[in-house]
Every structure is written in C-alpha cells, then in structure tokens.
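Here are the chains, one letter per residue:
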Amino acid sequence: EAEPSPYWLHSRERPEAEPALAEPIECDLAVVGGGLSGLWSAVLAKERDPAREVVLLEGDRVANAASGRNGGFFISSLTHGIGNGLARFPDEIGTLERLGLESFEAAADAIDRYGIDCGFERTGDIVVALEPHELEWLEEDAGQLREHGHDVEMLDRDRIRAEVASDTYLAGRWPKSGSGPRHPPPLSWGVGGGAARPGRRGPGAAPG
C-alpha cells in the first residue's frame, strides 16, 4: 500500500481541498497555481492593493507539487550558489545577490508577520569539506560571499566537528545570512490558509 509521495504531505494538518470553481467569476488578477510562487504573488498583490480582487486557481491542492516536495532549505541565492552566479552573470552578480537577500528577508518577515508555523530558523547553512583539495574552494567561496554582503564563518576541523560530530569533515563554510531550514508544506499551507485568505469570496476563489 506504499505511495510514491512525500511522507510529510500525509499530515493530519494538511488542509482539505477547496470546492471546485463551478461558475464564471470576474477579478482584477487571476493567479494560476497554488505553489509558493503563486501563493506569494497573490499575497503581495493584496498587500499592495487590499481592494484588488485576486483569484488563485489550483488544479489539485496547495503544496501538492514542487513546493511540498523540496528538501526544506530556504536559501537566498538566485543563481544556485555564488560561484555559479559569478561564472554565468559576473556583471550582474552584485544585483542578483542583493535582490536575493532582500527577497529572503521579506519572506522571513512575512512568515513572522502572519504567524506561519513552518519551523523556520535563521541558522544559515554549512557546506563541508571531505577532501583536502576542497579546503581552498571553501575559502574562496566564503570570500566571494563576504564580498557580496554575507556574514560568513569558516570552521576548522575542531569547530565543524563541534557542530556536526563526524570524523569525515575537515572544515566547513558557514554563511549565517540568507539561509535556514523550514518545513516545506506548512509554509505553503500557512500562506494559503492565512495570509492569502483575507477577503476571500466563494468556492475556488482561494487556495485550499
């Protein structure tokens, strides 16, 4: 009776689906898709103009797809890492990192403001070195992050093992800004169930 679906979607806290939209409606803005991009778009649209009629349409249930199936890391990078960004967008990386950090802080503030219980913590994330040749890369990566506004600590063998007790780790790069863990589905459920609901009207007019 096993199912190929994420364990954490089988929670008693998972909201029931909203009734299907059964009749035509009019609105100022229609958002298609109840993932985090769609949910936040609906929330921001209402925050910027509370009188705006916003309708969010979802074919299944909130967080049913990628927004409920990721690893739970909340990271500000828009380029999948500073090194990757520098290699592909060297002239724009400063702007991209600034926008990423601003977006991260705005989302974190909204989580606090709406009281969304998704286990979010501003802890940062640690990347470790397993082989000696990776030490130089970690130092370079840390320097690049610092140059673009991040608070980064380098951990030697003793410090990384004090944080994570593994004999395989030689060092760690710990940026304490712009990242942290959170529980994926409850974040989407919180945005859809609270932040996106004020002023909802009729079945199907809001995420479920």
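Residues numbered from 1 in each chain as written. Predicted model: local features only at pLDDT ≥ 70, side-chain atom pairs only at ≥ 80, totals over all residues. Heavy atoms only, no water.

(A) Looking closely at the overall build of the protein. Check the secondary structure of the protein and you find 6 helices and 7 strands. Order of helices (α) and strands (β) in the protein, N terminus to C terminus: β-α-β-β-α-α-β-α-β-α-β-β-α. Across its three principal directions, the C-alpha atoms of the protein cover 65 × 50 × 30 Å. Taking all 208 residues of the protein together, 38% fall into the buried category. Accessible area of the protein: about 12100 Å², with a carbon and sulfur share of 51%. Here the protein carries 21 positive and 36 negative side-chain charges, and the mean point of each set is 4 Å from the other. (Helix = DSSP H or I, 4+ residues; strand = E, 2+ residues; numbered from the N terminus. Buried < 20%, exposed > 50% of the residue type's maximum accessible area, 1.4 Å probe, protein only. Areas by Shrake-Rupley, 256 points an atom, 1.4 Å probe, with all protein chains shown as cover. Lys, Arg positive; Asp, Glu negative; His and termini not counted. Charge placed at Lys NZ, Arg CZ, Asp CG, Glu CD.)

(B) Structural detail: the nonpolar core. Ranked by size, the top nonpolar core spans 24 residues in total, and within it Trp40, Ile111, Phe120, Leu187 and Val191 carry the most contacts. Of all the secondary-structure elements, those providing two or more residues to this core are α1 (36–48), β2 (54–57), α3 (93–113) and α6 (184–195). Residues contacting Ile111, with those up to four places away along its chain left out, are Phe74, Ile116, Cys118, Phe120 and Leu187. (Core = buried A, V, L, I, M, F, W, Y, C linked by side-chain atoms within 4.5 Å. Contact = heavy atoms within 4.5 Å.)

(C) How the structure looks around the environment of Arg52. Structurally, Arg52 is set in the loop between α1 and β2. As for Arg52 and Asp28, which are separated by 24 residues in sequence, their C-alpha atoms are 6.1 Å apart. Not counting the four nearest positions on each side in its chain, Arg52 is found in contact with Asp28, Leu29, Ala45 and Lys46.

(D) Region of the structure containing the pattern of salt bridges. For the coordinates displayed, the defined rule picks out 8 salt bridges. The residue Glu102 makes a salt bridge to Arg98 at a minimum N-O spacing of 3.2 Å. A residue pair is termed a helical-turn pair when its members lie 3 or 4 positions apart in one helix, as Glu102 and Arg98 do in helix α3 at 4 residues. In this structure, Arg173 engages Asp141 in a salt bridge whose closest nitrogen and oxygen atoms are separated by 2.7 Å. Here the residue Arg173 occupies a position in strand β6 (residues 171–175), and Asp141 occupies one in helix α4 (residues 134–147), the gap between them amounting to 32 residues. When salt bridges with common partners are traced through the structure, they connect Glu153, Arg159, Glu163 and Lys176 into a single cluster. (Salt bridge = Lys/Arg side-chain N within 4 Å of Asp/Glu carboxyl O.)

(E) Representation of α4 in the model. Here α4 contains 14 residues, and its C-alpha end-to-end distance of 20 Å stays within 8% of the 20 Å for a straight helix at 1.5 Å per residue. Of all the positions in α4, only Leu138, Asp141, Ala142, Gln144 and Leu145 are classed as buried. Down the axis of α4, the smallest arc covering the buried residues is 165°, so these residues share one side. What points out from α4, more than 90 degrees from its buried face, is the exposed set Glu136 and Glu147. The secondary structure elements touched by the buried residues of α4 are α2 (82–88), β4 (127–129), β5 (152–155) and β6. Just beyond α4, the residue with positive phi is Gly149, at close to 95°. (Expected span 1.5 Å × (residues − 1). Arc of directions from axis to C-beta.)

(F) Quick look at the sheet that holds β5. A sheet is described by the order of its strands in space; here 3 strands give the open sequence β4-β6-β5, paired in antiparallel fashion. Unpaired on one side and paired on the other, β4 and β5 mark the two borders of the sheet. The sheet shows a mean angle of 15° between the axes of neighbouring strands, direction not considered. Pairing analysis gives 3 bridges linking β4 to β6, with the strands arranged antiparallel. Within β6, the residue paired with Val127 across the bridge is Arg173. (Pairing = 2+ DSSP bridges. Axes fitted to C-alpha atoms, helices over the stretch in contact; angles between N-to-C directions.)

(G) Summary view of the pairing of strand β1 (residues 29–32). Bridge analysis of β1 against β2 gives 4 bridges, and the strand direction is parallel. Its bridge partner lying in β2, Leu29 is registered against Val54.

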